[in-house]
Structure formats: C-alpha cells, structure tokens
Amino acid sequence: MSNLIKSYTSKINSLLKKILKEEQSKLLKSAKLIKRSYKNGGQLYIFGTGHSRLLGEESFHRAGGFAAACPIRDDNLSFKKGARKATALERTPNIAKKALSKYKITKKDILMIVSNSGVNHAPVEAALIAKKKQIKTISISSINYSKKAPLSELNKRLYEITDISIDNKIPPGDAIVNIKNYMVGPASTITGSFILNSILIEVANSLKNEKIFPFYISVNMPNARQNNDILEKKFRKNNPHL
C-alpha cells in the first residue's frame, strides 16, 4: 500500500477515534432528541451548503437510512450555479431564510446544521432562525476551525448557537495530507457521515419496537419494496422530496 494512503487512513482513523472518545455523549444526546421528536410526529431536517450539503443527501432515502430525514435543498446551497457563485451565496444574507421557507419546519422537528468552518453566514443564519422559532438544533462543525476562521457580519459561530454542537475534530482547512506544502485529502465528509450515521443507528435502536420501523431497506434486498412503500406513504406528506 502507498505510504500516502496509509497516512490518510491512519489520520482518518485517529479522527474517528477522537470523535468517539470525546463526542460520544453528544451523539447519544442527539439520538435521544431525534427519537423524542419522532415520537411527537416530528422530522429531522438537515441543512448545509457546499460540500456540507452532502450529509443531507447521505441521510435521505438510502439503504439503512432514517425515513424521517429530509434534506434542505435549494440551488443557492449547491454548486448548480457554479463554484464561485456558491462560495459567494453561502456568505450572503437571507439565503438560509429563503431555503428554510420552502419547508414546514415546526417546533416538533429537529434541524441539523452542517458547516465545517461553522462561521459562514448561511449556516449561522439558519441556526438563528431556528432558535427564534424554538426549533431544537444540532450542529456538526470543527470547533478548532471555527475559532480561527473570520466571522460573518452575524458575528457568531455555529457552535455558540445550537442546542447540541458536535465537534468533527477536523483541522482548519479540512485537508489532512501534506504534498509539497499543499494540503490535500479532505476529511470532513467522512467524519460527518460517521457522526450522522452513529446518531441514526442509536435512533434505530431506540425505535426498534415501533409497529412501523422507520428505516429503509436496500431495494435489492428481500421485502424492500413492501417496507419502503409503507415508509414512503407515511412520510410523503411532510417530505416534499418523496
């Protein structure tokens, strides 16, 4: 195996172990919050911009995934309008407000906000909107990065606002492998997916006795169609992407 791949693997494993050691109580607390919301008829919404937006897609309608998870989708949050435009938009006021207004998020729901730097205008704005509406929030960001990155005009860091703030342990800049003084090999998507799915397997365990178990089965597995049809029918009313 290449020494570079070994180094990347080792660093990723170290990050995951650090998250497990230092953030486990917050993962469990998040799972309890989501379970409580679900039992009260709530849904888990996931907001992110740029590559952080990928965790919303990771949660949505996938094998072994939580059926009550809904990504916040908006062209202004993605790269559809081009990379430079996307970078500018996530630093623009009212982008989060417009995106969130497309969804009927209430106090019964949970809003998870993902932002590696934890300082850009859109994710911070999303957290402030949720706080004003008394919607419980969970954030995934790098605390170290947040403390070093320049703040938006909102003058807040994401972890300072949300009810539960989970540290993804990523160093400033995201990349973790040095090649001729250039950092490559981003890690936040990997750690973010680990954090998200660690929470959701705990949610699954807490809901294992539900009459309708709210987790999808891979369409290539036995009984998938019947299971997934039931879940789609149950959640279609609240999830516009179904």
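No experiment lies behind these values; they were computed from the predicted model shown.

Observations regarding the overall build of the protein chain
Next up, step 1: Check the secondary structure of the protein chain and you find eight helices and seven strands.
Next up, step 2: Here the C-alpha atoms of the protein chain give a radius of gyration of 18 Å, agreeing with the 18 Å that 2.2 N^0.38 yields for 242 residues.
Next up, step 3: Overall, the C-alpha framework of the protein chain stretches about 55 × 45 × 35 Å when taken along its three principal axes.
Next up, step 4: The buried share of the protein chain, reckoned over its 242 residues, is 49%.
Next up, step 5: As displayed, the protein chain offers around 13,000 Å² of accessible surface, 51% of which is attributable to carbon and sulfur atoms.
Next up, step 6: Mean positive and mean negative side-chain charge positions of the protein chain (42 and 18 charges, respectively) differ by 2 Å.

Overview of the pattern of salt bridges
Next up, step 1: Summed over the entire model, instances satisfying the criterion amount to 12 salt bridges.
Next up, step 2: Where Lys-169 meets Glu-23, a salt bridge forms, and the shortest distance between an N and an O atom there is 3.0 Å. Here Glu-23 lies in helix α1 (residues 3–39) and Lys-169 lies in the loop between β5 (164–167) and β6 (175–179), a separation of 146 residues in the sequence.
Next up, step 3: Exposure remark for Glu-23: the relative accessible area of 6% places this residue in the buried category.
Next up, step 4: Note on Lys-169: relative accessible area 14%, which makes it buried.

A look at the packing of α1 against helix α7 (residues 188–206)
Next up, step 1: Put simply, α1 and α7 touch, their axes get as near as 8 Å, and they point 40 degrees apart. You can see that α1 and α7 cross each other, and the crossing is right-handed. Contacts between α1 and α7 involve Tyr-8, Ile-12, Leu-15, Leu-16, Ile-19, Leu-27, Leu-28, Ser-30, Ala-31, Ile-34 and Lys-35 from the first element and Ile-190, Thr-191, Phe-194, Ile-195, Ser-198, Ile-199, Glu-202, Val-203 and Ser-206 from the second.

Let's talk about α7
Next up, step 1: Between its first and last C-alpha, α7 extends 27 Å over 19 residues, near the 27 Å set by a 1.5 Å rise per residue.
Next up, step 2: When we look at burial in α7, the residues that qualify are Ser-188, Thr-191, Gly-192, Ser-193, Ile-195, Leu-196, Ser-198, Ile-199, Leu-200, Val-203 and Ala-204.

Things to note about the environment of Glu-202
Next up, step 1: Of note, Glu-202 is situated in helix α7.
Next up, step 2: Residue classification places Glu-202 among the partly exposed residues on the basis of a relative accessible area of 35%.
Next up, step 3: Sequence spacing of Glu-202 and Ser-30 is 172 residues, and the spatial spacing of their C-alpha atoms is 9.2 Å.
Next up, step 4: Those residues in contact with Glu-202 that lie beyond four places of it in its chain are Leu-28 and Ala-31.

Description of the nonpolar core
Next up, step 1: Among the nonpolar cores identified, the biggest contains 31 residues, and Ile-34, Leu-44, Phe-66, Met-112, Ile-138, Ile-199 and Val-203 are the most heavily contacted of them.
Next up, step 2: For this core, the secondary-structure elements that each account for two or more residues are α1, β1 (44–48), β3 (110–114), β4 (136–141), β5, α7 and α8 (224–235).
Next up, step 3: If sequence neighbours within four positions are ignored, Ile-199 has contacts with Leu-27, Ser-30, Ala-31, Ile-34, Met-112 and Ile-166.
Next up, step 4: Counting 23 residues, the second-largest nonpolar core is a separate cluster that includes Phe-47, Tyr-103, Ala-122 and Val-124.

Here we look at the sheet that holds strand β2 (residues 69–71)
Next up, step 1: Within the open sheet, the five strands sit side by side as β2-β1-β3-β4-β5. Their pairing is parallel. A strand with exactly one partner marks an edge of an open sheet, and here the two such strands are β2 and β5. Neighbour-to-neighbour, the strand axes of the sheet open up by a mean angle of 20 degrees, direction not taken into account.
Next up, step 2: Alignment of β4 against β5, held across four bridges, turns out to be parallel. Paired with Ile-140 across the two strands is Ile-166, which belongs to β5.
Next up, step 3: Against the sheet, α1 touches β1, β3, β4 and β5, its axis set at about 145 degrees to β5.
Next up, step 4: On top of the sheet, α7 reaches β1, β3, β4 and β5; it is set at about 130 degrees to β5, its chief contact.

Basis of the calculations
Residues numbered from 1 in each chain as written. Predicted model: local features only at pLDDT ≥ 70, side-chain atom pairs only at ≥ 80, totals over all residues. Heavy atoms only, no water. Helix = DSSP H or I, 4+ residues; strand = E, 2+ residues; numbered from the N terminus. Rg over C-alpha atoms; globule rule 2.2 N^0.38 Å. Buried < 20%, exposed > 50% of the residue type's maximum accessible area, 1.4 Å probe, protein only. Areas by Shrake-Rupley, 256 points an atom, 1.4 Å probe, with all protein chains shown as cover. Lys, Arg positive; Asp, Glu negative; His and termini not counted. Charge placed at Lys NZ, Arg CZ, Asp CG, Glu CD. Salt bridge = Lys/Arg side-chain N within 4 Å of Asp/Glu carboxyl O. Axes fitted to C-alpha atoms, helices over the stretch in contact; angles between N-to-C directions. Left-handed = near helix turned anticlockwise from the far one by under 90°. Contact = heavy atoms within 4.5 Å. Expected span 1.5 Å × (residues − 1). Core = buried A, V, L, I, M, F, W, Y, C linked by side-chain atoms within 4.5 Å. Pairing = 2+ DSSP bridges.

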